[in-house]
Amino acid sequence: MTQSVAKSTGGAGSTPAPPVASRKSVTGTRLWVAVLFLLPALVLLGSLVVYPIGYSVWRSLFDADGSGFVGLDNYVDIFSDDSTLTAVRNTAIWVAVAPAIVTALGLIFAVLTERVRWGTAFKLIVFMPMAISMLAAGIIFRLVYEQDPNQGVANAVVTSVHDTFVDQSVYPKARPNPQVSDLKPSGGGSFTTAGTVRAGTPALLPLVGIAPNRLPGTPEDAKAATGDGVTGTVWLDFKLGGGGEKGAVDAGEKALEGVKVEAVKGGKVVASTTSGADGTFSLPQSADGAQLRLPGSNFAAPYNGIDWLGPALVTPAIMGSYIWMWAGFAMVLIAAGLAGVDRNLLEAARVDGANEWQVFRRITVPLLAPVLAVVLVTLMINVMKVFDLVYIIAPQPSQDDAAVLALQLYLVSFGGGGNEGLGSALGVVLLLLVLPVMWVNIRRLRKERQR
């Protein structure tokens, strides 16, 4: 009886087994409850991220319409097609240049705004472009880069600066009438008389090619030159309604003011002058017996600025719009990191004799290195996916020269190419390019948590 009781109770020295508890997660929540709450997020993650990635990899192994298995042929086409290689090259330029410039500008703005009185207002202005969508920014900069200086802000500024230091042509479309004029083309857009000018015999230099109502300013009626010296007249040998004698100064014909006239002897300019308001000009006695030349500067086409959206500059121009948008983002993040820097370290460096540049380079930048890394890596991932700005700003003739991988993916798949297999392969390549940057970012975040 005692043995049976001892067996049933486990002996005098034994402890009763604890009841089996339900398994719990690290946070103390039952595992099935945690799984239940995570299930919607896992479903969304699988349907919106995992499944599209897997399907893109699978689709990249088939031809354009998905009916034939081609293996890795689409990936071979990526690195053998000139337009795709251009997109790869441009993407590499974007990754190497744009994030570095944006981060550097954000650092400069963040440091300088601490030293100006209206720093908050300046930060607001610089950050404001972030509130604009890529679509709107693309439309804005497409107008900014217009070739016509009357429409494009960039060329309006460039032409204004150019015309300040370089004389603008007076009559860009004017030319002599070869049937009645002694002026003949002499190279470089200039015209030179076949004969020579003599004192007391006024030279007649008629021009055509301009409508009288399109002359700049309010031109006066032309007058025939008089006097015993070396003189002449430059005028528009045409008037509205017609009439008059060709090659002669007729009533109602307009003077061409400001035309430069050179006297040339033996290929050398011995004298020069410009026509007056009535079209007449006068040269010194040394011009007697010389040929008269109208330099090409009188007829050169007006300077229309820089071809911002041409093949050579389209990528830097689009990159400028991206920098305009994202410099504020970098500035705000870096300014937040700068606010946490211990000012005692900066003051100690100044007390030790360091100048402001040394304090910035040896103290401020090293302390901001984690923040700068965050900004740089974020922007690198962002520029790999840039699409809107390139698609909207680049005109059709130079779109191939500005293409990046994201744009090329769209063009070959839906923008007329119709090759979804090649587009899927481009998407996979783009993912593979982003993964190393993401891995670096995740590794850096883990190291910061361990600290």
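Fair warning: this is a prediction, and the values are worked out from it, not measured in the lab. (Residues numbered from 1 in each chain as written. Predicted model: local features only at pLDDT ≥ 70, side-chain atom pairs only at ≥ 80, totals over all residues. Heavy atoms only, no water.)

### Focus: the overall build of the protein chain
Then step 1. Helix and strand content of the protein chain: 15 helices and 9 strands.
Then step 2. Scaling as 2.2 N^0.38, a compact globule of 451 residues should have a C-alpha radius of gyration of about 22 Å, whereas the protein chain reaches 38 Å, well beyond that.
Then step 3. For the C-alpha atoms alone, the extent of the protein chain along its principal axes is close to 155 × 75 × 40 Å.
Then step 4. Counted over contacts in the protein chain with a minimum sequence separation of 6, partners at least 24 positions apart contribute 69%.
Then step 5. Carbon and sulfur atoms form 62% of the exposed surface of the protein chain, whose accessible area is close to 25800 Å².
Then step 6. Put simply, the protein chain has 34 plus and 33 minus side-chain charges, and the middle of one group is 16 Å from the middle of the other. (Helix = DSSP H or I, 4+ residues; strand = E, 2+ residues; numbered from the N terminus. Rg over C-alpha atoms; globule rule 2.2 N^0.38 Å. Contact = heavy atoms within 4.5 Å. Areas by Shrake-Rupley, 256 points an atom, 1.4 Å probe, with all protein chains shown as cover. Lys, Arg positive; Asp, Glu negative; His and termini not counted. Charge placed at Lys NZ, Arg CZ, Asp CG, Glu CD.)

### Examining the confidence of the model for the protein chain
Then step 1. The pLDDT averaged across the protein chain works out to 85; a share of 93% of its residues lies at or above 70.
Then step 2. Predicted confidence is poor over residues 1-13, with pLDDT under 50, and the contacts of this stretch with residues over four places away or in other chains come to 2 contacts. (pLDDT = per-residue confidence, 0-100.)

### Comments concerning a negative patch on the surface
Then step 1. A cluster of acidic residues, Asp73, Asp77, Asp81 and Asp82, forms a negative patch on the protein surface.
Then step 2. Following the sequence through the fold, aspartate 81 ends up in the loop between α3 (73-78) and α4 (82-113).
Then step 3. A relative accessible area of 33% means that aspartate 81 is categorised as partly exposed. (Patch = residues over 30% accessible without salt bridge, like charges linked within 9 Å, V, L, I, M, F, W, Y side chains within 5 Å. Salt bridge = Lys/Arg side-chain N within 4 Å of Asp/Glu carboxyl O. Buried < 20%, exposed > 50% of the residue type's maximum accessible area, 1.4 Å probe, protein only.)

### Examining the side chain of aspartate 237
Then step 1. Among the structural elements, aspartate 237 can be located in the loop between β5 (230-236) and β6 (260-265).
Then step 2. Of the side chains bearing the opposite charge, lysine 246 lies closest to the buried aspartate 237, which forms no salt bridge; the N-O distance is 5.3 Å.
Then step 3. Once you skip the residues sitting within four places of it in the chain, aspartate 237 turns out to touch Val180, Pro206, Leu207, Val208, Glu245, Lys246, Gly247, Ala248 and Glu253.

### With respect to helix α9 (residues 343-351)
Each α-helix winds once per 3.6 residues, and so residues spaced three or four apart point in a common direction.
Then step 1. In this structure aspartate 342 caps α9, since a side-chain oxygen of it lies 3.0 Å from the backbone nitrogen of asparagine 344.
Then step 2. A positive backbone phi angle near 100 degrees is found at glycine 353, which sits one or two residues after α9. (Polar contact = N/O pair within 3.5 Å; in protein donor to acceptor, adjacent residues only side chain to side chain.)

### Quick notes on the pairing of β5
Then step 1. β5 sits mainly inside the fold: 7 of its 7 residues count as buried.
Then step 2. The alternating pattern of β5 places Val230, Gly232, Val234 and Leu236 and Thr231, Thr233 and Trp235 on opposite faces, both of which are buried.
Then step 3. The pairing of β5 with strand β8 (residues 280-283) spans 4 bridges and is antiparallel. Residue pairing in the sheet places threonine 231 in a bridge with serine 282 of β8. (Pairing = 2+ DSSP bridges.)

### Regarding a nonpolar patch on the surface
Then step 1. Where nonpolar side chains cluster on the molecular surface, the patch consists of Leu38, Leu39, Leu42, Val43, Leu44, Leu45, Leu48, Val49, Val50, Ile53 and Val57 and spans about 990 Å² of accessible area.
Then step 2. Inspection of the secondary structure assignment puts leucine 42 in helix α2 (residues 31-59).

### A short note on the packing of aromatic side chains
Then step 1. All told, the structure shown has 16 aromatic pairs when counted by the stated rule.
Then step 2. Ring plane angle 55 degrees and centroid distance 5.1 Å describe the contact between tryptophan 58 and phenylalanine 62, whose orientation is recorded as tilted.
Then step 3. Where phenylalanine 141 meets tyrosine 145, the ring centres are 5.8 Å apart and the plane angle is 45 degrees; that geometry is what we call tilted. Comparing phenylalanine 141 with tyrosine 145, the two get one shared label, buried. (Phe/Tyr/Trp six-rings, centres within 6.5 Å; stacked < 30°, edge-to-face > 60°.)

### Considerations on the sheet that holds strand β3 (residues 191-193)
Then step 1. Within the open sheet, the 5 strands sit side by side as β2-β3-β9-β6-β7. Their pairing is antiparallel. The open sheet terminates on both sides in strands that have one partner only, identified here as β2 (183-185) and β7 (268-274). Adjacent strand axes in the sheet meet at a mean angle of 30 degrees when their direction is disregarded.
Then step 2. Summarising the sheet, β6 and strand β9 (residues 291-294) pair through 3 bridges and their orientation is antiparallel. Considered in β9, the bridge of glutamate 262 is made with arginine 293. (Axes fitted to C-alpha atoms, helices over the stretch in contact; angles between N-to-C directions.)

### Digging into the nonpolar core
Then step 1. Ranked by size, the top nonpolar core spans 63 residues in total, and within it Trp94, Ile318, Tyr322 and Trp326 carry the most contacts.
Then step 2. For this core, the element with the highest residue contribution is helix α8 (residues 314-339), accounting for 14 residues.
Then step 3. Sequence-distant contacts of tryptophan 326, defined by excluding residues within four places in its chain, comprise Val102, Met130, Met134, Leu379 and Asn382.
Then step 4. In terms of nonpolar packing, the next biggest core, distinct from the first, is built from 25 residues, Phe191, Val234, Val259 and Ala287 among them. (Core = buried A, V, L, I, M, F, W, Y, C linked by side-chain atoms within 4.5 Å.)

### Concerning the packing of α9 against helix α10 (residues 356-367)
Then step 1. Two numbers describe how α9 lies on α10: the axes approach to 10 Å, and their chain directions differ by 150 degrees. Taken together, α9 and α10 sit at an angle that is classed as roughly antiparallel. Every pair of crossing elements has a handedness; the one defined by α9 and α10 is right-handed. Counted together, Leu345, Leu346, Ala349 and Arg350 of α9 and Glu356, Val359, Ile363, Thr364 and Leu367 of α10 form the full contact between these two elements.
Then step 2. Tallied by class, residues from the contact of α9 with α10 come to 6 nonpolar, 1 polar and 2 charged. (Parallel < 35°, antiparallel > 145°, perpendicular 65-115°, else oblique. Left-handed = near helix turned anticlockwise from the far one by under 90°. Nonpolar A, V, L, I, M, F, W, Y, C, P; charged D, E, K, R; others polar.)

### Describing helix α14 (residues 405-413)
Then step 1. In terms of burial, α14 is a largely internal element, 7 of the 9 residues being buried.
Then step 2. For α14, the set of buried residues is Leu405, Ala406, Leu407, Gln408, Leu411, Val412 and Ser413.

### Here we look at the side chain of serine 181
Then step 1. Within the secondary structure layout, serine 181 lies in the loop between β1 (175-176) and β2.
Then step 2. The buried category is assigned to serine 181, whose relative accessible area is 7%.

### Let's talk about the environment of glycine 54
Then step 1. Considering the arrangement of structural elements, one finds glycine 54 in helix α2.
Then step 2. Look at glycine 54 and you get partly exposed, because its relative accessible area is 41%.

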